[in-house]
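# Coordinate inspection notes
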Amino acid sequence: MAIVKLLASKSPVSNAVNYVTQKEKTLDKLISGINCMPESVVDEFEMTKQKFNKLGGRTYYHMIQSFASDDDITPEQAHEIGLQMAEHCFPDYQVLVATHIDRQHTHNHFVINSVNMVDGKKMNVAPQDLIAIKNYSNELCEKNGLKTTEAKTDRNRMPRWKFEIKITALRMMSESYSMLEFIEKMKLHGVEVKYNPDYKYMTYTDADGHRVRDSKLFDERLLKENLQTYFELGGCESPLTETILNYETPKSGDCTTGLDNLIFDVLGALSTPEPDFDNYDYYDVDDKDLDILVLKMRAHGIRITKAELNKKISYNMPYEQEREQGLFM
């Protein structure tokens, strides 16, 4: 999978060239020029600008093509893909291509002259142009057996593969008690879930290599933090299961905080504070009541799981029994 980003700059070209050619980040064999020589790229860019008297405004474009850390790709293959990208997407422009290997994910840097070397026109990248660039990147990735990503995301019109991931995730969510069970069930249905509690996002990858970040499914129920809350509350056995699963993400505007606010409001409406464990009548508490009790405690800022509450109950049970038998006053 390759993610493509493109930015225009008015800074000196030498700034970008010095950065992308750092010896700590790349090798000489991974630095190439299209319609220019890497050794003289700054001067060649300037000569083209002077030839057409285009010395002001944007000086260059900087594009980055990042491959996934788990893509099976060598630096040489990544560089070759970068050269094909430059030749196809920026014909008649001078482009410096440098492949960086200093991070876990290999990535290509493109420094592109803002002035066309044939007709002297300034480059202007419209939204549809960027989509075409991303589509060509996906095409090259597919040819090389790499994962692909969406060129454009739209919350109201998603491709079939993404819709199927979303529907599968919601169904497995409704049948799972924990995050681990959810991930295992998704895998059984052909979808790999990459989840790390320390990361901001989680990602889904289907059997065809399509990968999507949780936020790009445009469903608040599948956001990492909301999934974590759902399973902390008991998952498919939680008293809030129906409330969460029936929630509908807005079709416009903010689609990240509505469910979180709803859960907070429901929990906040529960008024029971932390129980007095030495005087609580545990004999009348069934499994469902324990769920409710955990929710009420969480509403008062007490972070406790059902298992932790059960431990407290088990610890106090013998004392209650002995006191009833008159052993303690």
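Bear in mind that the values here come from a model prediction, so they are computed numbers and not experimental data. Every chain's residues receive numbers from 1 upward, in the order its sequence appears when written. At least 70 in pLDDT is required for a residue's local features to be given in this predicted model, at least 80 for side-chain atom pairs to be given and counted, and no such filter applies to totals for whole chains, interfaces and linings, which use all residues. Derived side-chain values reflect all non-hydrogen atoms in the structure, with water molecules and hydrogen atoms excluded from consideration.

## With respect to helix α4 (residues 127–143)
Under the convention used in this document: Only DSSP runs of H or I with at least four residues qualify as helices, and only runs of E with at least two residues qualify as strands; both kinds are numbered from the N terminus onward. Every helix has an expected span of 1.5 Å times one less than the residues it contains. Classification of residues uses two cut-offs on accessible area relative to the type maximum, computed with a 1.4 Å probe and protein chains only: under 20% is buried, over 50% is exposed, and between them is partly exposed.
Relative to the 24 Å expected for 17 residues at 1.5 Å per residue, α4 spans 25 Å between its end C-alpha atoms, a close match to the ideal helical length. For α4, the full list of buried residues reads I133, Y136, S137, N138, L140 and C141. Just downstream of α4, G145 is the residue with a positive phi angle, here 75°.

## Quick notes on the pattern of salt bridges
What counts here: Salt bridges are counted wherever a side-chain nitrogen of Lys or Arg sits within 4 Å of a carboxyl oxygen of Asp or Glu.
With the rule as written, the count across this model stands at 8 salt bridges. Here K23 ties to D28 by a salt bridge, and the two come within 2.4 Å at their closest N and O atoms. Accessibility classification places K23 together with D28 in one group, the exposed group. Measuring nitrogen to oxygen at the nearest pair gives 3.3 Å for the salt bridge that ties E181 to K185. Linking E181 with K185, this pair stays in helix α6 (residues 179–188), spanning 4 residues, or about one helical turn.

## Section: the packing of aromatic side chains
What counts is decided by this rule: The pairing test for Phe, Tyr and Trp rings, Trp by its six-membered ring, is centres within 6.5 Å, and the orientation test on the planes gives stacked under 30 degrees, edge-to-face over 60, and tilted for anything in between. A ring is considered to have a charge above it if a Lys NZ or an Arg CZ atom is located within 6 Å of its centre and within 35 degrees of its normal.
A complete count under the given rule lists 2 aromatic pairs for this structure. Of the aromatic side chains, those joined through ring pairs into one cluster are F182, Y230 and F231. We note R213 situated over the ring of Y201; from NZ or CZ to the ring centre the distance is 4.1 Å.

## Focus: the sheet that holds strand β8 (residues 211–213)
Put simply, the rule reads: Strands are treated as partners if at least two bridges between them are detected by DSSP. Axis definition: a line fit to C-alpha positions, over the contact stretch in the case of helices; interaxial angles, taken between N-to-C directions, run 0 to 180 degrees.
With respect to topology, 3 strands assemble into an open sheet ordered β6-β7-β8, the strand pairing being antiparallel. Each edge of the sheet is formed by a strand with only one pairing partner; in this case those strands are β6 (192–194) and β8. Each adjacent strand pair in this sheet contributes to an overall mean axis angle of 20°, direction not counted.

## A word on the side chain of S176
Counted only if it meets this: Pairs of N or O atoms are called polar contacts if they sit within 3.5 Å, as long as, within protein, a hydrogen donor faces a hydrogen acceptor (for residues adjacent in sequence, only side-chain-to-side-chain pairs). By definition in these notes, contact holds between two residues if any of their heavy atoms fall within 4.5 Å.
Relative to the helices and strands, S176 is located in the loop between α5 (160–174) and α6. In terms of polar contacts, S176 uses its side chain to reach the backbone carbonyl oxygen of M172, at 2.6 Å. Those residues in contact with S176 that lie beyond four places of it in its chain are E181, F182, K185, Y230, F231, G235 and C236.

Interpretation note: all reported values are geometric properties and have no functional meaning in isolation.
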